[in-house]
Amino acid sequence: MLKIEELVHAFIHSQCDFEKEIVLTNHFQADWEADILVINAEGFSHEIEIKLSKSDFKNDFKKSYVNTSTGEKFLKHDKICCGDYICNSFSFLLPMGMIEHSVIPEHCGIIEFYHNVDSWETEFYLIRKPTKVHEDSYWKLTDKDLFIRKMALNLLYKKMEVKGKHEELIFKNPFEIKKTK
């Protein structure tokens, strides 16, 4: 069985241009997480959500968030389709034929994949391009300097994990509000 990490690796290495795009996996920002986040040279962002089962797909439409300042509760895809979302576009990456295309909202792109277990090759098919839900660049909606610092910190953590030192060390969160003297 294809592991999600293998699928992500196959997708980003065959479908993304690392010279022109920032490509992040399992990227967390505020109250949401993107399986794959692609930001192009113009600053337009595309979230790609991987779903490997029908139940996981259905659960994506039950996800709700609460606006911390207003207390308003909203569903994830209601927020996306009305353009009140940080990413410019959103797609699902799904196994071929798993979900009937007609049940996937029009604002969502559809990318299907087929994994050949004999050759261990994975092919990707763009079924439907996503709708651009707004024109604001990712950098207009996000603090670019903080984004870069978080990326650098994540790289440090990953390096420590690879070296097996992460469990031995205690880290303070460098992004906590510093007390002024």
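As the structure is a computational prediction, the values presented were derived from the model and not from experiment.

Enquirer: Help me understand the confidence of the model for the protein chain, please; the structure alone is not making it clear to me.
Expert: Any segment with low pLDDT has predicted coordinates that should not be analysed in fine detail. Confidence in the prediction of the protein chain, expressed as mean pLDDT, is 85, and 87% of residues score 70 or more. Looking over the protein chain, one finds the lowest element-wise mean pLDDT in strand S4 (residues 64-66), namely 74, and the highest in strand S6 (residues 89-95), namely 97.

Enquirer: What am I meant to see in the sheet that holds strand S7 (residues 108-116) here?
Expert: Each strand in a sheet pairs with another by means of backbone hydrogen bonds, the pair being arranged parallel or else antiparallel. The strand order across the open sheet formed by 6 strands is S1-S2-S3-S6-S7-S8, and the pairing between neighbours is mixed. Taken across any chain shown, the strands that pair with only one partner, and hence form the sheet edges, are strand S1 (22-29) and strand S8 (121-128). Averaged over neighbouring strand pairs, the angle between their axes works out to 30° when direction is ignored. Relative to S7, S6 runs parallel, the two sharing 6 bridges. Its bridge partner being in S7, Leu93 is matched across the sheet by Ile111. Its contacts with the sheet put helix H1 (residues 4-15) on S1, strand S2 (32-39), strand S3 (45-50), S6, S7 and S8, and the angle it makes with S8 is roughly 70°.

Enquirer: Would you mind going over the pattern of salt bridges with me for this structure?
Expert: Where charged atoms of side chains with opposite charge meet at close range, the side chains can pair. In total, this model carries 8 salt bridges according to the counting rule given. Residues Asp56 and Lys51 are paired through a salt bridge, measuring 3.3 Å at the closest nitrogen-oxygen approach. Overall, Asp56 belongs to the partly exposed group, its relative accessible area being 31%. Judged by relative accessible area, which is 3%, Lys51 ranks as buried. With its nearest N and O atoms 3.6 Å apart, the salt bridge here joins Glu135 to Lys132. Residue classification places Glu135 among the exposed positions, given a relative accessible area of 57%.

Enquirer: What am I meant to see in the packing of aromatic side chains here?
Expert: For any pair of aromatic rings, the description consists of the separation of the ring centres together with the inter-plane angle of the planes. For the coordinates displayed, the defined rule picks out 9 aromatic pairs. For the pair Trp139 and Phe147, a centre-to-centre distance of 4.9 Å together with 75° between the ring planes defines the contact as edge-to-face. Of the two residues, Trp139 and Phe147, neither departs from the other in class, the shared state being buried. Of the aromatic side chains, those joined through ring pairs into one cluster are Phe57, Phe61, Phe90 and Phe92. Residue placement shows Lys132 over the ring face of Phe44; its charged tip is 3.6 Å from the ring centre. Cation over ring: Lys144 sits above Trp139, and NZ or CZ is 5.0 Å from the ring centre.

Enquirer: For this particular structure, what's the right way to read the environment of Lys62?
Expert: For Lys62, the position within the fold is in the loop between helix H2 (54-60) and S4. Classification of Lys62 by relative accessible area gives exposed; the value is 60%.

Enquirer: Just checking my understanding: could you explain the nonpolar core for this structure?
Expert: A general feature of soluble globular proteins is that nonpolar side chains tend to end up buried together. Counting 24 residues, the largest nonpolar core has Trp32, Leu37, Phe57, Phe92, Leu94, Ile104 and Tyr138 as its most contacted members. Mapped onto this core, the elements with two or more residues apiece are S2, S6, S7 and helix H4 (138-141). The element that contributes the greatest number of residues to this core is S2, accounting for 4 residues. Sequence-distant contacts of Leu37, that is, excluding residues within four places in its chain, are made with Ile22, Val23, Leu24, His27, Trp32, Ser45, His46, Glu47, Cys87 and Tyr138. Core analysis: the next-biggest nonpolar cluster, separate from the first, contains 16 residues, Cys16, Ile36, Leu93 and Ile111 among them.

Conventions and cut-offs
The residue count restarts for each chain, going from 1 along the sequence in the order it is written. For a predicted model such as this one, the threshold for reporting local features is a pLDDT of at least 70, and the threshold for listing and counting side-chain atom pairs is 80 or more; totals across whole chains, interfaces and linings nevertheless cover every residue. Hydrogens are left out, water is left out, and the side-chain values use all remaining heavy atoms of the structure. Each residue carries a pLDDT value, the predictor's own confidence for that position, ranging from 0 to 100. Numbering of helices and strands runs from the N terminus; a helix is a DSSP stretch of H or I covering at least four residues, while a strand is a stretch of E covering at least two. At least two bridges found by DSSP between two strands are what make those strands a pair. Throughout, an axis means a line fitted to C-alpha atoms (over the contacting stretch in the case of helices), and angles, computed between N-to-C directions, take values from 0 to 180 degrees. Contact between two residues is taken to exist if any of their heavy atoms lie within 4.5 Å; hydrogens are not considered. Every case where a carboxyl oxygen of Asp or Glu lies within 4 Å of a side-chain nitrogen of Lys or Arg is listed as a salt bridge. Relative accessibility decides the category of a residue: with a 1.4 Å probe and only protein chains considered, values under 20% of the type maximum give buried, values over 50% give exposed, and everything between is partly exposed. Between 30 and 60 degrees the pair is tilted, below 30 it is stacked and above 60 it is edge-to-face, where a pair is any two Phe, Tyr or Trp rings, Trp via its six-membered ring, whose centres lie within 6.5 Å. Distance and angle both matter: a charge sits over a ring if NZ of Lys or CZ of Arg is within 6 Å of the ring centre and within 35 degrees of the ring normal. The criterion is simple. A nonpolar core is a set of buried Ala, Val, Leu, Ile, Met, Phe, Trp, Tyr and Cys residues joined through side-chain atoms within 4.5 Å.

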